[in-house]
Amino acid sequence: MSNGYSTIWMAATGAEVVSMEKWVERIEEAKKNFEKAGVEIQIIEGDILENISKLEGKFDFVFIDAMKSQYLDYLKLLLEGKLAEGAIVAAHNVINKKEDLKEYVDYVKKNFESVTIPGDKGMEVTLVEKF
Ligand SMILES: C[S@@+](CC[C@H](N)C(=O)[O-])C[C@H]1O[C@@H](n2cnc3c(N)ncnc32)[C@H](O)[C@@H]1O
């Protein structure tokens, strides 16, 4: 989540947005930014790895942009009943952090329909239909 920039754009679509962050100062900054932007976003404070399994409901869209070495762990936890059928998982930085995210990208390309959107940072967009 950091200062909330990406989540504000998601919430501006009218979607119900849940965001996770463990860094207290960033959470405070994000809360101020959400208020300024006039959006309601649920913040789950703490470590993502400890909180995914506690999420309620199933998600249609997940944007992953946290610790690069943990992306595959996040995805595997999400695959334990947290994604709606046909969910989209977008993972940031697959070009500029290519080496760090190789295992993640190999996994999604092997198991799902997945495309890499080019650009200086790159985004891996994965369709999770059956799992
Ligand atoms: C690149 S920033 C996210 C930027 C965000 N997309 C935005 O637009 O504001 C990554 C954030 O993930 C957080 N983070 C990294 N690993 C985490 C973890 N395991 N649990 C919770 N937050 C984590 C960091 O504290 C950092 O604020």
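Data block above holds the structure.
Student: Please give an account of the packing of aromatic side chains that cites residues and values.
Tutor: Summed over the entire model, instances satisfying the criterion amount to three aromatic pairs. Between Y5 and W9, the aromatic rings sit 6.4 Å apart at their centres with planes inclined by 70°, giving edge-to-face as the arrangement. Taken together, the positions of Y5 and W9, both in helix α1 (residues 5-11) and four residues apart, correspond to about one turn of that helix. Look at Y71 and Y104: their rings are 5.7 Å apart centre to centre, the planes differ by 85°, and that puts the pair in the edge-to-face class. Linking Y71 in helix α4 (residues 71-78) with Y104 in helix α5 (residues 102-111), this pair joins segments that are 33 residues apart in sequence. Each member of the pair, Y71 as well as Y104, carries the same accessibility label: buried. Joined through ring pairs, the aromatic side chains of Y71, Y74 and Y104 make up one cluster.

Student: Account for the site of the ligand, naming residues and giving values.
Tutor: In the region of the ligand, 19 residues are neighbours, and M1, S6, E21, R26 and D65 sit closest. Here an oxygen atom of the ligand sits 2.5 Å away from a polar atom, N or O, in the main chain of M1. G4 has a polar backbone atom sitting 3.4 Å from an oxygen atom of the ligand. Considered on its own, the ligand offers 610 Å² of accessible surface; in the complex 84% of this is hidden by protein. Mapping the ligand onto the cavity grids shows that it belongs to the largest pocket. Shared between two domains, the shell around the ligand takes at least three residues from each, and those domains are domain 1 (1-46) and domain 2 (47-131).

Cut-offs and rules
- All residue numbers refer to position in the chain's written sequence, counted from 1.
- It should be noted that, the model being predicted, local features are given only for residues of pLDDT at least 70 and side-chain atom pairs only at 80 or more, the latter also being counted only at that level, while totals for whole chains, interfaces and linings use all residues.
- Each side-chain value is derived from all of the structure's non-hydrogen atoms; neither hydrogens nor water enter the calculation.
- Pairing of aromatic rings covers Phe, Tyr and Trp, the last counted by its six-membered ring, and requires centre-to-centre distances within 6.5 Å; plane angles under 30 degrees mean stacked, over 60 mean edge-to-face, and any other angle means tilted.
- We count a stretch as a helix when DSSP gives it H or I for four or more residues in a row; a strand needs E for two or more, and each element gets its number in order from the N terminus.
- Exposure classes here rest on a 1.4 Å probe applied to the protein chains alone. A residue is buried below 20% of its type maximum, exposed above 50%, and partly exposed in between.
- One heavy atom within 4 Å of a molecule or strand is enough for the residue carrying it to be called near that molecule or strand.
- N or O atoms closer than or at 3.5 Å make up a polar contact, with two conditions inside protein: a donor-capable atom paired with an acceptor-capable one, and, for residues adjacent in sequence, both atoms drawn from side chains.
- Only the protein chains shown count as cover for residues, and all accessible areas are computed by the Shrake-Rupley method using a 1.4 Å probe.
- Put plainly, a pocket is an open set of points on a 1 Å grid over the protein atoms alone with protein on both sides within 12 Å along at least five of seven lines, a cavity is a set where a 1.4 Å probe fits but cannot get out, and a lining residue has an atom within 4 Å of a point.
- Assignment of a molecule to a cavity or pocket requires that more than half of its atoms lie within 2 Å of the corresponding grid points.
- Note that domain bounds follow an automatic or database assignment of domains.

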